[in-house]
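Residue-level listing of the chains:
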Amino acid sequence: MITEIVFWFFAILTIGSACVVVFSRNMIYAVFSLLFTFFGVAGIYVLLNADFLAVTQIMIYIGGILVLLIFGIMITSNITGVDIKSGQTGKIQIFFAGIFSLIVIVGLIFIALTTKWYSAVPSAEVYSTIELIGKSLLTNYLLAFESASVLLLIAIIGAALIARRK
Amino acid sequence: MGIGLSHYIILSAILFGLGIFAIITRKNAVLVLMGVELVLNSANINFIAFSKFNNLKIDGHIAAIFVIMLAAIEVAVALAIVLNIYQNYKHINVDEIDNLKD
């Protein structure tokens, strides 16, 4: 019972603030409601027994990516608050884009409801996933882990090189 | 009725559609990036939901960790490109950035 209440709370929080992100004309409102979207997704992760990923989501998305996005909006908008050039596309394009994304949503929901998923819920004993993730990262996924760190280094160097003032 | 796998898949499908809509209709490059973030988050929800409903196998969590890491990389590089575009054009409207070389 309490699980359902928490699920619906976080689902409505996520979808509602994602709607504000998508439909708001004000860029500052959009970027700040993205915070609530990330927070709601972190709550969904907690419901799915992914404690480490919930904390990672809050630390990296809210602490890193969202700050970078706010930084980008602040530095690239000419007028504080509403940017004139942030206006959306024409009515016809919005109409067709809405039709397209509605088709995507309905198709995905249709597939999700008609497929018979293999579903084995873990036993009621709840344990932390951190130990499992750590062991798995350093045994099965060691090569991917190390190459990801190299990729991160290269990307940071490349970003600094691109953004440098000539 | 309890919360099953299909609830999470439907949630992530709606989030995915909203992200696609933002990517298509937004003109500001940073707002397009926010749409990409929504799409990546919906993919992550799917990964973790399937991981839990497959007896909490940890492979889905690993995939989600790599997705989060790639999202961080993508935002860093994309914001560097956006700042560079802003220095050249004085705006970041993706519809009007159509020069290969000035």
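Every residue gets a number counted from 1 within its own chain, in the order that chain's sequence is written. Just so you know, chain letters begin at A and ligand numbers begin at 1, following the order they were written in. In view of the model being predicted, local features appear only for residues whose pLDDT reaches at least 70, and side-chain atom pairs are presented and counted only at 80 or more, with totals across whole chains, interfaces and linings using the full set of residues. Hydrogens and water molecules were not included; the side-chain quantities draw on all heavy atoms of the structure.

1. Overview of the domain arrangement of chain A
Item 1. Here chain A is described as being made up of domain 1 (1–83) and domain 2 (129–166).
Item 2. A separation of 24 Å is found between the C-alpha centroids of domain 1 of chain A and domain 2 of chain A. Start and end positions for the domains come from either an automated domain assignment or a database one.

2. Side note on helix 3 (residues 51–76) of chain A
Item 1. Here a strand is any run of E in DSSP of at least two residues, a helix any run of H or I of at least four, and the numbering for each starts at the N terminus. What a helix is expected to span follows from its residue count: subtract one and scale by 1.5 Å. A rise of 1.5 Å per residue sets the reference length of helix 3 of chain A, with its 26 residues, at 38 Å; its end C-alpha atoms lie 36 Å apart and thus fit the reference within 8%.
Item 2. Working definition for bend: take the seven residues up to and ending at a residue and the seven starting at it, fit an axis to each, and measure the angle between the axes. The sharpest bend along helix 3 of chain A measures roughly 30° and falls at Tyr61(A).

3. A look at unusual backbone geometry
Item 1. Located in the positive-phi region is Asn49(A), a residue other than glycine, with phi close to 65°.
Item 2. Its identity as a non-glycine residue notwithstanding, Leu56(B) has a phi of 55°, on the positive side.

4. What to know about the packing of helix 5 (residues 130–138) of chain A against helix 3 (residues 59–89) of chain B
Item 1. Closest axis-to-axis distance for the helix 5 of chain A/helix 3 of chain B pair is 10 Å, and the angle between their directions is 75°. Between helix 5 of chain A and helix 3 of chain B, the crossing angle belongs to the class labelled roughly perpendicular. From helix 5 of chain A, Ile133(A), Ser136(A) and Leu137(A) reach across to helix 3 of chain B, where they touch His61(B), Ile62(B), Ile65(B) and Phe66(B).
Item 2. Residues that form the contact of helix 5 of chain A with helix 3 of chain B fall into these classes: 5 nonpolar, 2 polar and no charged. What counts as an axis is a line fitted to C-alpha atoms, over the stretch in contact for a helix, and the angles between N-to-C directions run from 0 to 180 degrees. By definition in this entry, angles of less than 35 degrees are roughly parallel, angles greater than 145 are roughly antiparallel, angles of 65 to 115 are roughly perpendicular, and the rest are oblique. The contact definition used throughout considers only heavy atoms, calling two residues in contact when any of these lie within 4.5 Å. Asp, Glu, Lys and Arg are counted as charged, while Ala, Val, Leu, Ile, Met, Phe, Trp, Tyr, Cys and Pro are counted as nonpolar; the rest, among them Gly, fall into the polar class.

5. As for the packing of helix 3 of chain A against helix 2 (residues 29–52) of chain B
Item 1. Interhelical geometry of helix 3 of chain A versus helix 2 of chain B gives an angle of 170° and a closest axis separation of 11 Å. Considering their axes alone, helix 3 of chain A and helix 2 of chain B lie roughly antiparallel with respect to each other. Residues Leu53(A), Gln57(A), Tyr61(A), Ile65(A), Leu69(A), Gly72(A), Ile73(A) and Thr76(A) of helix 3 of chain A form the contact with helix 2 of chain B, whose participating residues are Val30(B), Leu33(B), Met34(B), Glu37(B), Leu40(B), Asn41(B) and Ile48(B).
Item 2. Residue classes in the contact of helix 3 of chain A with helix 2 of chain B are distributed as 10 nonpolar, 4 polar and 1 charged.

6. Side note on the interface of chain B and chain A
Item 1. Chain B puts 71 residues into the contact, and the matching count from chain A is 81 residues.
Item 2. By buried area we mean how much accessible surface two parts lose on assembly, using a 1.4 Å probe and totalling the loss over both. A buried area of about 7000 Å², summed over both sides, lies between chain B and chain A, and 78% of it is on carbon and sulfur atoms.
Item 3. Throughout this description, the term salt bridge denotes a Lys or Arg side-chain nitrogen within 4 Å of a carboxyl oxygen of Asp or Glu. Linking chain B to chain A there are 0 salt bridges.
Item 4. Those elements that place two or more of their residues in the side of chain B that touches chain A are helix 1 (5–25), helix 2 and helix 3 of chain B.
Item 5. For the side of chain B that touches chain A, the element with the most residues is helix 3 of chain B, which contributes 23 residues.

7. Digging into helix 2 (residues 27–47) of chain A
Residues and elements named next belong to chain A.
Item 1. For helix 2, built from 21 residues, the straight-helix expectation of 30 Å at 1.5 Å per residue is met to within 8% by its first-to-last C-alpha distance of 31 Å.
Item 2. Whenever a nitrogen or oxygen atom comes within 3.5 Å of another N or O atom, the pair is scored as a polar contact, on the condition that within protein one atom can donate a hydrogen and the other can accept it, and that pairs from neighbouring residues in sequence are kept only if both atoms are in side chains. With a side-chain oxygen lying 3.0 Å from the backbone nitrogen of Ile28, the N-terminal cap of helix 2 falls on Asn26.
Item 3. Remark: Asn49 follows helix 2 within two positions and exhibits a positive phi of approximately 65°.

8. Considerations on a nonpolar patch on the surface
Item 1. Taken together, the side chains of Ile92(A), Phe95(A), Phe96(A), Ile99(A) and Ile103(A) define a hydrophobic patch exposed on the protein surface, amounting to about 550 Å² of accessible area.
Item 2. Its location among the elements puts Phe95(A) in helix 4 (residues 91–114). Candidate patch residues must exceed 30% relative accessible area and have no salt bridge, after which like charges are joined if within 9 Å and Val, Leu, Ile, Met, Phe, Trp or Tyr side chains if within 5 Å. Using the Shrake-Rupley algorithm and a 1.4 Å probe, accessible areas are obtained, with residue cover drawn only from the displayed protein chains.

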